[in-house]
Amino acid sequence: MADNQPLPPASSEDSNNNSTTANEDSTDKSTPAASTTEEKEYTAASVQDAWNNHFAAFGSQDLDRIVKDYTEESVLECYDGGSDKRTKVVGIASIRAFFSTLFESLTDLSTLSAPVIEITEEPFKQVFLCWSCSSSGVTFAHDTFFFDEHNKIIRQNIGCVIEPKKATSEWRKVMNK
């Protein structure tokens, strides 16, 4: 478990290189990347490796990288207590769209932090995460990730409170599905 661990600065490089900021990343995150051999061959050796990829991808708002952690059978379910709305998405394209909208809502990452990260390899492959980003209106969020035998996220449950006045119209659309 990590205490008060900030999310890594945005970087399109390897997760160990945290020398760039979100403003320096010029990658277009709005369109799906073409399928490449590298994407098909991506396999994390452990839950820790998969988490390292996910954590870095989230911090850098890298859609191409974050969807590598999911499968077509993956389910992501989110409840936003700020709007009292719940949404469920299945498969890579829908999960990518969910994160695209979430990243558009996270406009100021200056307060992004994760005080609780608990990674478990056995007996169940899972991650428990608590995080917040009050500068973008996320006063509290918690996620539970469950991983399959290939260390892909098969289920992600999110509970969050996003201040209604800071939630973007796109976020409201996603949460009203």
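If you're wondering where the values come from, they're calculated on a predicted model, not measured in any experiment.

So what about the overall build of the protein chain? Which residues, and what values?
Each helix and strand in the protein chain was counted, giving 5 helices and 7 strands. Moving toward the C terminus, one meets the helices and strands of the protein chain in the order β-α-α-α-β-β-α-β-β-β-β-α. Per-residue burial over the protein chain gives 46% buried out of 177 residues. Relative to all contacts within the protein chain whose residues are 6 or more apart in sequence, the contacts with residues 24 or more apart total 57%. Total accessible area on the protein chain is roughly 9,000 Å²; 51% of this is exposed by carbon and sulfur atoms.

How would you sum up the nonpolar core? Please name residues and give values.
With 36 residues, the main nonpolar core has F58, L76, F98, F99, W131 and F145 as its most contacted residues. When contributions to this core are tallied by element, the ones reaching two or more residues are α2 (47-60), α3 (63-66), β2 (70-80), α4 (92-105), β4 (113-120), β5 (126-133), β6 (138-147) and β7 (153-162). Per-element accounting of this core gives the leading share, 6 residues, to α2.

Talk me through the side chain of D69; I want residue IDs and the actual numbers.
Relative to the elements of secondary structure, D69 occurs in the loop between α3 and β2. Contacts of D69, omitting those with residues within four sequence positions, involve Y42, A50, N53, H54, K152 and I153.

Quick rundown of the pattern of salt bridges? Include the residues and the values.
Two side chains of opposite charge can pair, provided their charged atoms sit close to one another. Summed over all chains, the structure comprises 3 salt bridges. Residue E77 pairs with R155 through a salt bridge whose shortest N-O separation is 2.5 Å. You can see E77 sitting in strand β2 and its partner R155 sitting in strand β7, a full 78 residues away along the chain. Of the residues examined, R155 reaches a relative accessible area of 24% and is grouped as partly exposed. Taken together, the salt bridges that share partners define one network made up of E77, R86 and R155.

Can you lay out α4 for me, pointing to particular residues and giving the numbers?
Each turn of an α-helix holds 3.6 residues, which means side chains three or four residues apart point in the same direction. Relative to the 20 Å expected for 14 residues at 1.5 Å per residue, α4 spans 20 Å between its end C-alpha atoms, a close match to the ideal helical length. Regarding α4, the residues found buried are I95, R96, F98, F99, S100, T101, L102, F103 and S105.

Would you mind going over the packing of α2 against α4 in detail, with residue names and values included?
For any two helices packed against each other, the geometry comes down to the angle between their axes and how far apart the axes lie. For the pair α2 and α4, interaxial distance at closest approach is 10 Å and the crossing angle is 45°. On the basis of their axis angle, the class for α2 and α4 is oblique. Where α2 abuts α4, its residues H54, A57 and F58 lie against F99, L102 and F103. Among the residues making up the contact of α2 with α4, the classes are represented as 5 nonpolar, 1 polar and no charged.

Talk me through the confidence of the model for the protein chain; I want residue IDs and the actual numbers.
The share of residues in the protein chain with pLDDT of 70 or more is 69%, and the mean pLDDT across the chain is 79. Taken as a whole, residues 1-39 scores under 50 in pLDDT and shows 67 contacts with residues more than four places along the chain or in a different chain.

Which residues make up the pairing of β2, and what values do they have?
Along β2, 8 of the 11 residues are buried, which leaves the element largely enclosed by surrounding structure. Of the pairings in the sheet, the one linking β2 to β7 comprises 7 bridges and is parallel in character. Considered in β7, the bridge of Y70 is made with I153. Relative to strand β3 (residues 85-90), β2 runs antiparallel, the two sharing 6 bridges. Looking across to β3, one finds that Y79 is bridged to R86. Taking the residues that link successive antiparallel strands as the turn, the β2-β3 hairpin has 4 residues, and the phi of D84 there is positive, at about 60°.

Just give me the short version of the packing of aromatic side chains, but keep the residues and values in it.
Scanning the entire structure with this criterion turns up 8 aromatic pairs. With a centroid separation of 5.5 Å and an interplanar angle of 75°, the aromatic rings of F58 and F103 are classed as edge-to-face. You can see F58 sitting in helix α2 and its partner F103 sitting in helix α4, a full 45 residues away along the chain. Neither residue differs from the other here; F58 and F103 are each classed as buried. Ring plane angle 45° and centroid distance 5.7 Å describe the contact between F99 and F103, whose orientation is recorded as tilted. Within this pair, F99 and its partner F103 are both found in helix α4, separated by 4 residues, close to a single helical turn.

Definitions and cut-offs
- Residues numbered from 1 in each chain as written.
- Predicted model: local features only at pLDDT ≥ 70, side-chain atom pairs only at ≥ 80, totals over all residues.
- Heavy atoms only, no water.
- Helix = DSSP H or I, 4+ residues; strand = E, 2+ residues; numbered from the N terminus.
- Buried < 20%, exposed > 50% of the residue type's maximum accessible area, 1.4 Å probe, protein only.
- Contact = heavy atoms within 4.5 Å.
- Areas by Shrake-Rupley, 256 points an atom, 1.4 Å probe, with all protein chains shown as cover.
- Core = buried A, V, L, I, M, F, W, Y, C linked by side-chain atoms within 4.5 Å.
- Salt bridge = Lys/Arg side-chain N within 4 Å of Asp/Glu carboxyl O.
- Expected span 1.5 Å × (residues − 1).
- Axes fitted to C-alpha atoms, helices over the stretch in contact; angles between N-to-C directions.
- Parallel < 35°, antiparallel > 145°, perpendicular 65-115°, else oblique.
- Nonpolar A, V, L, I, M, F, W, Y, C, P; charged D, E, K, R; others polar.
- pLDDT = per-residue confidence, 0-100.
- Pairing = 2+ DSSP bridges.
- Phe/Tyr/Trp six-rings, centres within 6.5 Å; stacked < 30°, edge-to-face > 60°.

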